[in-house]
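Residues per chain are reported as follows:
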Amino acid sequence: MIRGCGFGTAIFSEFTPASTLANIFFEVALCNLLGKPVILVKTERAMAPSDFVRTEWVTYKDSKAQQFKTEFADSVNAVFKLAAYYEILGDIAMDAEFVDLELAFERYRQAYLITGGVIVKGKISQLAARARADGDAASVLLPARTRFRAATHEFSRFLHSNRF
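Residues numbered from 1 in each chain as written. Predicted model: local features only at pLDDT ≥ 70, side-chain atom pairs only at ≥ 80, totals over all residues. Heavy atoms only, no water.

Here we come to the packing of helix α3 (residues 101-115) against helix α4 (residues 118-133). As a packed pair, α3 and α4 sit with axes 9 Å apart at the nearest point and diverge in direction by 155°. It follows that α3 is roughly antiparallel to α4 by the angle criterion. Along this stretch, α3 crosses α4, giving a crossing that reads as left-handed. Packed against α3, whose contacting residues are Leu101, Ala104, Phe105, Tyr108, Arg109, Ala111 and Tyr112, the element α4 presents Val120, Lys121, Lys123, Ile124, Leu127, Arg130 and Ala131 at the interface. Its residues assigned to classes, the contact of α3 with α4 shows 10 nonpolar, no polar and 4 charged. (Axes fitted to C-alpha atoms, helices over the stretch in contact; angles between N-to-C directions. Helix = DSSP H or I, 4+ residues; strand = E, 2+ residues; numbered from the N terminus. Parallel < 35°, antiparallel > 145°, perpendicular 65-115°, else oblique. Left-handed = near helix turned anticlockwise from the far one by under 90°. Contact = heavy atoms within 4.5 Å. Nonpolar A, V, L, I, M, F, W, Y, C, P; charged D, E, K, R; others polar.)

Below you can see the structure in the form of structure tokens.
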């Protein structure tokens, strides 16, 4: 389900059991791994896990409900701005000298999952049509192959650097 969402929201309080808290932060980590933004919400008295003390939080305080609504809305708006950025990255991948259909798709997909935008959906359809129509499969695979070669070369240098 996390792969199919645009972003996540993690909510906990001082009453959240440790086992549930562990599950929440496992899912936060999974969101991060998959490139999904996460809005973190906690109550005023809840203690953030040590790895998250420098993380930006939306804090709920009983006495400041309107402030919470404003801060949460600001966080959601920031996620929508990120979606616009993803769409721009998809456009750049499509306009590159060697068009990177895979990268463009990943960026457009993330933008669509966040916004459900009709324009982005159309760009995904155009991308799919272009992939089906491209008779030169090697040119479609070139960017992925180039990334793979760079990654293996970098890792090989690391292996031979005697750092471990």
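There's plenty left to go through after this.
Our focus in this paragraph is the side chain of Thr43. Within the element layout of this structure, Thr43 appears in strand β2 (residues 38-43). Here the side chain of Thr43 touches Glu14 through a polar contact of 2.4 Å, side chain to side chain. Residue contacts for Thr43: discarding those within four places in its chain leaves Phe12, Ser13, Glu14, Thr59 and Tyr60. (Polar contact = N/O pair within 3.5 Å; in protein donor to acceptor, adjacent residues only side chain to side chain.)

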